[in-house]
Number of protein chains: 2
Amino acid sequence: MIIDCHGHFTTAPKELQAFRDEQIAGLKSGQHAAKRPLSITDDQLREAVQPQLKFQSDRGTDVTIFSPRASAMAHHIGDLTISTDWAEHCNDLIYRVCELFPKNFVGVCQLPQTPGVTPDSSIAELKRCVNELGFVGCNLNPDPSGGMWNAPPLTDKHWYPFYEAMVELDVPAMVHVSASCNPNFHATGAHYLNADTTAFMQCLTADLFKDFPTLRFIIPHGGGAVPYHWGRFRGLAQELKKPLLKDHLLNNIFFDTCVYHQPGIDLLTKVIPVDNILFASEMIGAVRGIDPETGHNYDDTRRYIEASTLSAADRHKVYEGNARRVFPRLDAALKAAGS
Amino acid sequence: MIIDCHGHFTTAPKELQAFRDEQIAGLKSGQHAAKRPLSITDDQLREAVQPQLKFQSDRGTDVTIFSPRASAMAHHIGDLTISTDWAEHCNDLIYRVCELFPKNFVGVCQLPQTPGVTPDSSIAELKRCVNELGFVGCNLNPDPSGGMWNAPPLTDKHWYPFYEAMVELDVPAMVHVSASCNPNFHATGAHYLNADTTAFMQCLTADLFKDFPTLRFIIPHGGGAVPYHWGRFRGLAQELKKPLLKDHLLNNIFFDTCVYHQPGIDLLTKVIPVDNILFASEMIGAVRGIDPETGHNYDDTRRYIEASTLSAADRHKVYEGNARRVFPRLDAALKAAGS
């Protein structure tokens with residue numbers, strides 16, 4: 001089985017964005033746009049995920065750990081009510097897609113984070129999604145401001161109540177920022193990768209995983225700059241008198257394979273222990289084109305894994321075994337789906 | 001000849017920091033600390049650069065393109081007068097080191113940038129350093145705020161008068177941030193790498209080099225996350241209808257080799273055209289320890305280049321040829337030194 005641990009519902013029916021537009025218009029006019037039903041039919045949802053299903057079929061992947069569109073989380077827009085209404089709608093659509101195609105999609109939730117509000121406010125939505133909707137994880141935004149970076153680091157006690165809920169539910173978080181409203185940072189070309197690097201370094205300098213030995217983060221986009229600079233990070237840990245990275249961080253931090261060329265995947269699989277790599281493509285995500293150098297989609301990451309030097313046993317870990325370990329609720333979800 | 005294009009004077013005599021401490025104390029007390037002579041002797045300077053000279057000798061490198069300590073530029077401290085006084089002192093010390101050891105060091109200057117002030121204010125110091133002190137380039141900070149990222153992107157017209165001066169003088173800039181006062185960003189483990197990635201993506205989304213065809217940026221630390229994600233950047237350029245990266249950016253952007261492990265250098269040399277790679281070690285910089293996996297210093301980057309698959313001709317480009325091309329004033333400086 002090939003599990004893609006990083007897919008977003010970037011093709012949702014336009015009724016979803018229409019509600020979001022109402023929220024934004026309401027913020028501008030000062031007339032709060034109340035939550036209302038979206039009127040999206042099951043047929044619309046079936047139609048909306050055809051591109052993802054086709055990619056799964058074409059590329060020979062089986063199931064996608066599916067979450068709302070990351071760039072649209074936009075936690076910087078509005079207040080907690082706005083973010084909560086928006087997250088609930090986005091998550092409910094993911095739930096419906098997972099119900100319609102239970103063998104193809106398993107849910108991961110967007111959180112109703114908002115700048116200046118402690119993450120405690122996201123616990124209720126996390127619990128709803130995991131306990132009631134069968135989701136197996138969440139996307140945690142380390143920068144709800146959207147590029148201003150004014151929240152405390154992920155290792156600050158600010159986040160601890162949320163981590164307690166994650167640990168209690170036994171679900172991991174993918175550390176994933178959203179849109180950038182800072183003109184310095186292109187969202188998918190800079191902000192995403194910077195956040196990945198930043199989150200890793202925050203964990204390196206602190207002792208978060210002493211306090212939460214079973215907390216698990218997936219750092220997407222191949223870990224940002226981290227594997228490429230693995231020597232730098234090993235050296236910095238040494239300067240800071242931290243344990244070896246494998247002992248200090250690699251029981252808790254995992255990297256996905258959203259790296260869109262062969263040399264990048266080859267570096268990732270060479271440098272990072274195989275137990276810490278989870279297959280992912282981010283489809284349908286930031287980079288949708290066909291690479292003229294290969295004739296295949298940039299984000300057809302399975303091709304790079306197949307062409308890597310990983311043994312069959314190691315490929316099995318990357319494709320399936322590690323995901324089942326990092327997302328312990330996945331087994332039950334897949335079993336319930338008859339997979 | 002082996003030219004290290006990225007070295008900082010991190011071992012300056014304590015009299016330099018004493019002046020800086022006066023500036024900072026003055027800011028706190030409201031009593032401006034005026035510029036005053038530093039009283040550092042030539043013998044003190046000779047002593048201060050012994051570690052760099054020893055590394056050059058031990059590692060078989062010849063000359064270091066030498067600039068003030070990057071993390072101490074701290075453009076976010078004080079106003080333009082503070083930054084100007086500080087930059088002048090730092091640059092004057094670099095000049096004196098270069099005069100004492102003209103075969104070993106060639107100068108690159110710190111700029112008196114300060115938040116909220118246009119970079120025009122740095123032109124005078126750039127001209128002084130190039131025309132009077134014989135420097136061959138500058139370090140340009142894309143985020144003078146120190147981690148708040150509130151200046152316009154490098155592609156904004158805000159920076160154009162400074163670029164005009166660079167072009168007129170025919171000197172490149174290393175795009176290099178300084179200390180981070182944002183607790184989210186560890187300086188050398190996150191802020192530096194993020195800035196590298198950010199600067200590259202800013203250039204990718206814009207057409208800066210159409211306006212300045214001969215402007216040249218060196219992106220340090222191996223280009224941040226860029227080479228590891230080269231497929232992503234190629235794909236993003238394609239989505240944005242930009243030319244191929246080699247045509248769009250690689251006549252103007254160069255990467256250094258400050259990547260502290262063999263797999264990282266192997267990726268860099270495989271992915272980035274050899275004409276765009278400049279040898280550097282950042283010594284004595286962020287990572288000073290010995291890698292227990294190799295028994296050598298992490299930042300002994302010459303070893304990685306030697307162990308790479310680069311041909312002798314390509315190694316010559318990385319070690320010397322490219323640096324002479326990107327820093328056109330280097331030839332004259334080295335000739336004057338008898339090198």
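For the structure itself, look to the data block above.
Below, the structure is looked at part by part.

About the criteria used
Residues numbered from 1 in each chain as written. Chains lettered and ligands numbered in written order. Predicted model: local features only at pLDDT ≥ 70, side-chain atom pairs only at ≥ 80, totals over all residues. Heavy atoms only, no water. Helix = DSSP H or I, 4+ residues; strand = E, 2+ residues; numbered from the N terminus. Buried < 20%, exposed > 50% of the residue type's maximum accessible area, 1.4 Å probe, protein only. Contact = heavy atoms within 4.5 Å. Pairing = 2+ DSSP bridges. Axes fitted to C-alpha atoms, helices over the stretch in contact; angles between N-to-C directions. Polar contact = N/O pair within 3.5 Å; in protein donor to acceptor, adjacent residues only side chain to side chain. Salt bridge = Lys/Arg side-chain N within 4 Å of Asp/Glu carboxyl O. Buried area = accessible area lost by both parts, 1.4 Å probe. Nonpolar A, V, L, I, M, F, W, Y, C, P; charged D, E, K, R; others polar.

## Things to note about the side chain of Thr257 of chain A
All names here are of chain A.
So, step 1. Tracing the backbone through its elements, the reader meets Thr257 in the loop between β7 (253-256) and α11 (262-271).
So, step 2. Judged by its relative accessible area of 0%, Thr257 is buried.
So, step 3. Apart from residues no more than four positions distant in its own chain, Thr257 is found in contact with Ile265, Leu268, Ile277, Leu278, Phe279, Ala280, Thr301, Ile305 and Val318.

## What to know about the sheet that holds strand β6 (residues 217-219) of chain B
All names here are of chain B.
So, step 1. Strand order in this open sheet of 8 strands is β1-β2-β3-β4-β5-β6-β7-β8, and the pairing throughout is parallel. The sheet is open, and its two borders are formed by β1 (3-9) and β8 (277-278), each paired with just one other strand.
So, step 2. The sheet contact formed by strand β5 (residues 173-175) and β6 spans 2 bridges and is parallel. Opposite Ala173, over in β6, you have Phe217 as the bridge partner.
So, step 3. Here helix α6 (residues 160-169) sits on the sheet and contacts β4 (137-140), β5 and β6; the angle it forms with β4, its principal contact strand, is near 160°.

## Focus on the environment of Glu320 of chain A
All names here are of chain A.
So, step 1. Among the secondary structure elements, Glu320 is positioned in helix α13 (residues 312-326).
So, step 2. Accessibility expressed as a relative area gives 11% for Glu320, which makes it buried.
So, step 3. Each C-alpha atom of the pair Glu320 and Cys5 lies 9.4 Å from the other, and the pair is 315 residues apart in sequence.
So, step 4. With residues up to four places along the chain from it excluded, the contact list for Glu320 reads Met1 and Ile3.
So, step 5. Within the structure, the side chain of Glu320 is placed 3.1 Å from the backbone nitrogen of Met1, a separation counted as a polar contact.

## Quick notes on the pattern of salt bridges
So, step 1. Applying the stated criterion to the full structure yields 44 salt bridges over all chains.
So, step 2. Residue Arg232 of chain A pairs with Glu282 of chain B through a salt bridge whose shortest N-O separation is 3.3 Å. One end of the pair, Arg232 of chain A, is in helix α9 (residues 230-239); the other, Glu282 of chain B, is in the loop between β8 and α12 (301-307), on a second chain. Considered together, Arg232 of chain A and Glu282 of chain B belong to a single accessibility category, that of buried residues.
So, step 3. Taking the shortest distance from any N to any O, the salt bridge between Asp43 of chain B and Arg46 of chain B comes out at 2.6 Å. One end of the pair, Asp43 of chain B, and the other, Arg46 of chain B, are both in helix α2 (residues 42-48), 3 residues apart, so they sit about a helical turn from each other.
So, step 4. A network of salt bridges, in which partner residues are shared, links Arg59, Asp299, Asp300 and Arg303 of chain A.

## Let's talk about the interface of chain A and chain B
So, step 1. Across the boundary between the two partners, chain A contributes 59 residues, which contact 59 residues of chain B.
So, step 2. Summing both partners gives a buried area of about 4600 Å² for chain A against chain B, and 55% of it is carried by carbon and sulfur.
So, step 3. For the chain A face of the interface with chain B, the top three residues by lost area are Asn184, Tyr228 and Arg232 of chain A, together amounting to 19%.
So, step 4. The interface formed by chain A and chain B holds 6 salt bridges in total.
So, step 5. Seen at the junction of chain A and chain B, the total is 32 residue pairs in polar contact (both at pLDDT 80 or more).
So, step 6. Secondary structure elements with two or more residues in the side of chain A that touches chain B: α7 (187-205), α9 and α11 of chain A.
So, step 7. In terms of residue count, α7 of chain A provides more of the side of chain A that touches chain B than any other element does, 11 residues in total.
So, step 8. Split by residue class, the side of chain A that touches chain B holds 30 nonpolar, 21 polar and 8 charged.

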